[in-house]
Amino acid sequence: MPNTNGAGKRPIGGVEPPIGSSGELGEPAKQKSASVSVPLRMLLVDTHFFFRLGLRTLLSQNLYFQVIADVASGREALTAFAEIKPDVVIMGASLPDQDGIEVAQQMISTTCSTKLLMLCDQTSEEDVHRAFAAQVHGVLPKATDHSSLLEAINNIAAGRRYYPDSMRGLLRERASHAALSLRETEVLRCLAAGWSNKMITNHLRVTDATTKTYVTRLMQKLGVHDRTMAVMEGIRLGLIRPR
């Protein structure tokens with residue numbers, strides 16, 4: 001069951017959105033003093049109880065943030081989201097039952113008013129790209145500092161996307177090379193498992209020539225010249241996970 005309680009005490013300044021049209025990726029806005037009459041109603045989603053407790057405690061010190069509920073799984077998050085209709089959802093990317101970005105995408109598809117802030121344990125290029133493509137409003141490392149968290153919340157509440165410089169760099173890097181197809185990504189996972197071309201051919205039920213084409217094409221897209229480097233680059237970009 002979700003944990004619920006009210007708001008806290010200490011106000012902070014609001015944020016003026018950066019120049020640009022709503023929904024575009026602009027420079028993060030800096031905090032300015034502003035009056036806020038209605039608290040932002042928040043839903044917290046993360047696997048770890050003590051992380052949620054710490055985040056709730058931190059946010060509840062602010063008069064303008066009201067944590068309505070905190071939950072541990074994607075299923076609970078979707079249920080609580082439908083019930084309380086929060087202004088802001090702060091969610092961990094790694095959930096025990098579902099992918100956090102997929103859960104966020106389901107939420108975004110049902111409303112245009114709720115803002116989503118994703119907290120990632122490891123911010124790979126692929127994770128940041130998927131969050132951006134899913135129209136997640138902001139992404140931060142889970143180990144972010146207090147001021148960056150508040151700045152991110154204020155930015156997304158103002159209708160702006162919030163991606164720090166490091167993540168904007170990852171998005172630019174991703175745009176600089178062609179994305180792997182689903183089949184090429186599957187072949188890359190097979191390479192990471194140490195499979196030979198013959199094993200991949202049997203697994204995919206294709207010809208030897210087709211498998212060679214997949215391997216050659218994915219190496220070209222990743223900008224590498226051998227299978228080992230392809231796996232290493234795939235891990236670095238977050239396309240596959242280390243075994």
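Computed from a predicted structure; not experimentally measured.

(A) Main features of the nonpolar core. Leu43, Met91, Met107, Met118 and Val136 are the most contacted members of the largest nonpolar core, which has 30 residues in total. By residue number, the principal contributor to this core is helix 3 (residues 100-110), which donates five residues. Once you skip the residues sitting within four places of it in the chain, Val136 turns out to touch Ala104, Ile108, Leu116, Met118, Ala131, Arg161 and Tyr163.

(B) Representation of the environment of Ala77 within the structure. With respect to the helices and strands, the residue Ala77 is situated in helix 2 (residues 74-84). Sequence separation of Ala77 and Met91 is 14 residues, and the distance between their C-alpha atoms is 8.9 Å. When neighbours within four sequence positions are excluded, Ala77 is seen to be in contact with Leu43, Val45, Val71, Val103 and Met107.

(C) The arrangement of a nonpolar patch on the surface in detail. A surface patch of nonpolar side chains, about 340 Å² in accessible area, is lined by Phe49, Phe50 and Leu53. Checked against the element boundaries, Leu53 lands in helix 1 (residues 49-59).

(D) Spotlight on the side chain of Arg52. One can find Arg52 in helix 1. Residue Arg52 is classed as buried on the basis of its relative accessible area of 8%. Within the structure, Arg52 has its side chain in polar contact with the backbone oxygen of Val71 (distance 3.5 Å).

(E) Structural detail: the pairing of strand 5 (residues 138-141). Here strand 4 (residues 115-120) runs beside strand 5; their pairing, made up of four bridges, is parallel. Each bridged residue has a counterpart across the sheet, and for Leu119 the counterpart in strand 5 is Leu140. Remark: the strand 4/helix 4 (residues 125-133)/strand 5 crossover connection has right-handed handedness.

(F) Broad picture of the confidence of the model for the protein chain. With 83% of its residues at a pLDDT of 70 or more, the protein chain has an overall mean of 83. Counting interchain partners and residues more than four positions distant, the pLDDT-below-50 stretch residues 6-24 has 65 contacts. Residue range residues 31-36 is modelled with pLDDT below 50. Its contacts to residues more than four positions away, or to other chains, number 16 contacts.

(G) Here's a closer look at the packing of aromatic side chains. This model, assessed by the stated rule, comprises two aromatic pairs. Taking 5.1 Å as the distance between ring centres and 75° as the angle between the ring planes, the aromatic pair formed by Phe49 and Phe50 counts as edge-to-face. Aromatic side chains Phe132 and Tyr163 sit 5.5 Å apart centroid to centroid with 80° between the ring planes, which places their arrangement in the edge-to-face category. With Phe132 in helix 4 and Tyr163 in the loop between helix 5 (146-157) and helix 6 (165-175), this pair connects stretches of sequence that are 31 residues apart. Over the ring of Phe51 we find Lys142, and its NZ or CZ is 4.6 Å from the ring centre. Above the plane of the ring of Phe132 lies Arg161, whose end atom (NZ or CZ) is 4.2 Å from the centre.

(H) Representation of helix 9 (residues 208-222). The end-to-end C-alpha separation of helix 9 is 21 Å, in line with the 21 Å expected for 15 residues at 1.5 Å each. Those residues of helix 9 that sit buried are Thr211, Tyr214, Val215, Leu218, Met219 and Leu222. For helix 9, the angular spread of the buried residues around the axis is 125°, confining them to a single face. Facing away from the buried surface of helix 9 by more than 90 degrees, the exposed residues are Ala209, Lys212 and Gln220. Looking one or two places after helix 9, you find Gly223, whose phi comes out positive at around 70°.

(I) View of the packing of helix 8 (residues 197-204) against helix 9. Relative to each other, helix 8 and helix 9 sit at 110°, their axes nearing to 9 Å. Here helix 8 lies roughly perpendicular to helix 9, going by the angle between them. Two secondary-structure elements touch here, helix 8 through Asn197, Lys198, Ile200, Thr201 and Leu204 and helix 9 through Asp208, Thr211, Lys212, Tyr214 and Val215. Here the contact of helix 8 with helix 9 is composed, by residue class, of four nonpolar, three polar and three charged.

Conventions we followed
- As a convention, each chain's residues are numbered from 1 in the sequence order in which they are written.
- Since the coordinates come from a predicted model, pLDDT governs what is reported: local features require at least 70, and pairs of side-chain atoms require 80 or more to be given and counted, while whole-chain, interface and lining totals use all residues.
- To obtain the side-chain values, all non-hydrogen atoms of the structure were used and water was disregarded.
- The term nonpolar core refers to a set of buried residues drawn from Ala, Val, Leu, Ile, Met, Phe, Trp, Tyr and Cys, joined through side-chain atoms within 4.5 Å.
- Each residue is placed in one exposure class: buried if its accessible area under a 1.4 Å probe, protein chains only, is under 20% of its type's maximum, exposed if it is over 50%, and partly exposed if it falls in between.
- By the criteria applied, helices consist of DSSP H or I runs no shorter than four residues and strands consist of E runs no shorter than two, each listed in order from the N terminus.
- Here, residues are in contact when the closest pair of their heavy atoms is within 4.5 Å.
- For patch building, the residue pool is restricted to those with more than 30% relative accessible area and no salt bridge; the joining distance is 9 Å between like charges and 5 Å between nonpolar side chains (Val, Leu, Ile, Met, Phe, Trp, Tyr).
- Using the Shrake-Rupley algorithm and a 1.4 Å probe, accessible areas are obtained, with residue cover drawn only from the displayed protein chains.
- Just to be clear on terms, a salt bridge is a Lys or Arg side-chain nitrogen sitting within 4 Å of an Asp or Glu carboxyl oxygen.
- For the purposes of these results, a polar contact is taken to be a pair of N or O atoms within 3.5 Å, where, inside protein, one atom must be able to donate a hydrogen and its partner to accept one; residues adjacent in sequence count only when each atom of the pair is a side-chain atom.
- When DSSP finds two or more bridges between two strands, those strands count as paired.
- Look down the strands so they point away from you; if going from the first strand over the helix to the second traces a clockwise path, that crossover is right-handed.
- By definition, pLDDT measures how confident the predictor is in each residue, and it falls between 0 and 100.
- Each Phe, Tyr or Trp ring (for Trp, its six-membered ring) is paired with any other whose centre lies within 6.5 Å, and the angle between the two planes then decides the class: stacked below 30 degrees, edge-to-face above 60, tilted in between.
- Charges are assigned to positions over rings by a cutoff of 6 Å between ring centre and Lys NZ or Arg CZ, combined with an angular limit of 35 degrees from the ring normal.
- In this analysis, the expected span of each helix is defined as 1.5 Å times one less than the number of residues it contains.
- This arc corresponds to the set of directions leading from the helix axis out to the C-beta atoms.
- Interaxial angle, 0 to 180 degrees, is taken between N-to-C directions of lines fitted to C-alpha atoms, where a helix line uses only the stretch in contact.
- Throughout this description, any angle smaller than 35 degrees is read as roughly parallel, any larger than 145 degrees as roughly antiparallel, any in the 65 to 115 degree range as roughly perpendicular, and the remainder as oblique.
- Each residue receives one of three labels: charged for Asp, Glu, Lys and Arg, nonpolar for Ala, Val, Leu, Ile, Met, Phe, Trp, Tyr, Cys and Pro, and polar for the others, Gly being one of them.

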